[in-house]
Amino acid sequence: MSAVSEPGALRATRFLVGASWRNGPGAFVLSLFETVGRVLEALVPLLVGLLVTGALQHDVALVWWGGAGIVVSQGLQFVLMTVGVHARLDMTDRIGHDFEERVGRLSGSVATTDHLDDPAHQDRMQSFTERSGALGGAFNALVNTFNNAASPITTFVVAWLADPRLLLLLIVAIPSTWAVKFTTRWDEQAEHASAPAGRLSGHLMGAMVEPTPASELRVMGARAKIATRASEAVRAWRRPSVVAARHTSVLTSAISTIYLLSATAILVWMTRDALHGAVTVGALTTAVLVIGDFRDSVESISWTFTMTSRMVRAGRRYLWLSDYVAEVDAIHAGTLSPPQRLTEGIRLRDVTFTYPGAKTPTFLGLSLDLPAGSTVAIVGENGAGKSTLVKLLTGIHDLDEGEITIDGVDLRDLSLPRWRASSSGAFQDHMRFEVSARDAIGLGDLEQEPTDDVVRGALTRASATDVLRALPDGLDTQLGTDWPGGVGLSGGQWQRLAIARGMMRERPLLLVLDEPTSALDPATEHRLFDGYAEAARRTRDNGGITLLVTHRFSTVSAADLVVVLDQGQVAEVGTHADLIARGGHYAQLYELQAAGYR
Ligand SMILES: Nc1ncnc2c1ncn2[C@@H]1O[C@H](COP(=O)(O)OP(=O)(O)OP(=O)(O)O)[C@@H](O)[C@H]1O
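Owing to the predicted nature of the structure, the values given are computational and were not obtained by experimental measurement.

What counts, and at which threshold
Residues numbered from 1 in each chain as written. Predicted model: local features only at pLDDT ≥ 70, side-chain atom pairs only at ≥ 80, totals over all residues. Heavy atoms only, no water. Pairing = 2+ DSSP bridges. Helix = DSSP H or I, 4+ residues; strand = E, 2+ residues; numbered from the N terminus. Buried < 20%, exposed > 50% of the residue type's maximum accessible area, 1.4 Å probe, protein only. Contact = heavy atoms within 4.5 Å. Near = heavy atom within 4 Å. Polar contact = N/O pair within 3.5 Å; in protein donor to acceptor, adjacent residues only side chain to side chain. Nonpolar A, V, L, I, M, F, W, Y, C, P; charged D, E, K, R; others polar. 1 Å grid on protein atoms, 1.4 Å probe; cavity = no way out; pocket = protein on both sides within 12 Å on 5 of 7 lines; lining within 4 Å. Points joined across faces, edges and corners; volume = space filled by probe spheres on them. Patch = residues over 30% accessible without salt bridge, like charges linked within 9 Å, V, L, I, M, F, W, Y side chains within 5 Å. Areas by Shrake-Rupley, 256 points an atom, 1.4 Å probe, with all protein chains shown as cover. Salt bridge = Lys/Arg side-chain N within 4 Å of Asp/Glu carboxyl O. Lys, Arg positive; Asp, Glu negative; His and termini not counted. Charge placed at Lys NZ, Arg CZ, Asp CG, Glu CD.

Student: Is there a simple way to explain the pairing of strand β4 (residues 401–406) in this structure?
Tutor: A regular strand carries its side chains on alternate faces of the sheet. With five bridges joining them, strand β1 (residues 345–353) and β4 adopt antiparallel strand pairing. In the sheet register, R349 faces β4, and the bridge partner there is E403. Judged from the two bridges that link them, β4 and strand β5 (residues 409–410) form a sheet pairing that is antiparallel. The partner of I406 across the bridge, within β5, is V409. What sits between β4 and β5 in their antiparallel hairpin is a turn of two residues, with D407 showing a positive phi close to 50 degrees.

Student: Whenever I open this one, the environment of R432 confuses me. Can you help?
Tutor: Locating R432 in the fold gives a position in the loop between β6 (423–427) and α14 (437–442). R432 gets classed as partly exposed once you look at its relative accessible area, which sits at 39%. Other than its neighbours up to four places away in sequence, R432 contacts G491 and W494.

Student: It is not clear to me how the site of the ligand should be interpreted in this structure. Could you clarify?
Tutor: Looking at the ligand, there are 13 residues lining it, with N382, G383, K386, T388 and H551 nearest. G385 has a polar backbone atom sitting 2.9 Å from an oxygen atom of the ligand. Within the backbone of S387, one N or O atom sits 2.9 Å away from an oxygen atom of the ligand. When the residues that make up the shell around the ligand are grouped by side-chain class, the tally is two nonpolar, seven polar and four charged.

Student: Where do I start with the layout of surface pockets in this structure?
Tutor: Empty space among the atoms becomes visible once a probe the size of a water molecule is rolled across them. Quantified by volume, the largest pocket comes out at close to 1200 Å³. Lining the largest pocket are 34 residues, with T394, I396, G425, F427 and D429 sitting closest to its centre. Mapped onto the lining of the largest pocket, the elements with two or more residues apiece are α12 (386–393), α13 (416–421), β6, α16 (491–502) and β7 (510–514). Here the lining of the largest pocket takes five residues from β6, the largest share from any one element. Of the residues assigned to the lining of the largest pocket, the class counts are 15 nonpolar, ten polar and nine charged.

Student: Can you walk me through a negative patch on the surface in this structure?
Tutor: A surface patch of like charges, here negative, comprises D350, D400, E401 and E403. Mapped onto the elements, E401 comes out in strand β4.

Student: Just to check I follow, could you spell out the pattern of salt bridges for this structure?
Tutor: Two side chains bearing opposite charge may form a pair once their charged atoms approach each other closely. Inspection of the entire model under this criterion finds 20 salt bridges. When the shortest N-O distance is used, the salt bridge between E34 and R88 registers 2.7 Å. Here R88 lies in helix α4 (residues 60–109) and E34 lies in helix α3 (residues 33–56), a separation of 54 residues in the sequence. Neither residue differs from the other here; E34 and R88 are each classed as buried. Overlapping salt bridges bring together D163, R165, R272 and D273 as one network.

Below, the structure is given as structure tokens:
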């Protein structure tokens, strides 16, 4: 698994600011109108003070300056804030969508899927998804940083003009800023601690609403049990955030109380001076109004720190993902094209592979030859490593050690997309694509136009033309009952469409059939595989290898070679007849299954 570390805060901030600016420089500038509006708003206590002083001293000019200032600043402030807020929210929305799209594109573009099997990556993505608002709100936080900087500075100037003693409150407000260090840490720790439970609750909630697991749970009478576990998981997921919020609330309440007591003391002090004529009533009025703003200003600075640190964390995760994609791309920088036809075949030499997060390797020094033009059956008990072998051959996972060669060329030196374009497959855990039948099959080879002839050819090769009977609009039938006019298919019918998808490429160099017929009865599977083996022999001229993974020993007799895997090792290799004659593991398992059918 990747050794990519999370990028630094500075790089994340630079990236977020740059991406926000590029998304719309005009709207970026308009958003800053709000900052000017905030400055005008912060000037109001000063203008009210002027008005009060003018009224008390019968100074018409002061009354005019104060009154006109209030009217103009309120009017302008309204216009600027309306334009600014509108631009900011519009940008936040656009940037949010932009990032969601970027994350989707990045996640989908990783050449391998090692990260999807890694619990640490899953946790990172969980926090990422939960906080994707923070990434989408990066711009929001950025503009608010300007707002929250401009408005306090104005407030501090107004406070200083009213009475310099008010600035003493800055000292009292220092703990508020210092507390952010703790609240940010608590917030971050809560994010980490809640991620596994968040994933579990999503998984269990999904099990209750997805049709297949929901039916199973009802039949087993386990719905209530899973609902309880899901509720526990939701509580475990939310608990760290609730605890963090509680700690934050206690700390900020304590700081607010200290602030309030200090502000009251300063006001009492100023009022006493006002009674002795040392302070004007106008300055006292400004002080009363500014004290609330002062507190808001200090709090907004703290809030800005919290939001900015969340934004930076989300930015760092985004950049981590982007670095990870680049790292995987660099590993798969091979540019060679696979041969047009195989002459030697595929060789595995001393292959070692461990799943991310697993304690023991699935393969330790596995060596195996898959001769060109052969049909190879891979058999073995559950967990023997059959599907993992398929994933390594298709480049879904990277080897830890050893090599896989295609006609002598290391798989890592080949262009992975081109190798995959030369391969094809059908899998037990296939995707039920709820699109038209034509597209569901045509996805198997996007280089070909899915015309009637092409798609019907794939259905024929998959021995699946009878599925057409279930499709009222033929190949243009919408699949899936969730969609208007969509039809529901049986498990076996879905599976046959998946096999047809795997048959779109007529002459792949590697065709993997990883238990694609498990939903079919043994006789049909046998018939299908005999058909595939015969088709493979007919197309042997390009040296293509057909690999069949199955648990049904009766279906493998048509294979040229049978490979028996046992705990990640090759236990036996030979033809069906050889292995039966040898009387080993294969022969015993074959006899056991045959006895079951007798
Ligand atoms: N995503 C994963 N993470 C960690 N270990 C895994 C993962 N997938 C498979 N394994 C482990 O790798 C080993 C081989 O699994 P694999 O799926 O290749 O077996 P298989 O022969 O295809 O089994 P089956 O017949 O049940 O499909 C097993 O020990 C399994 O526990």
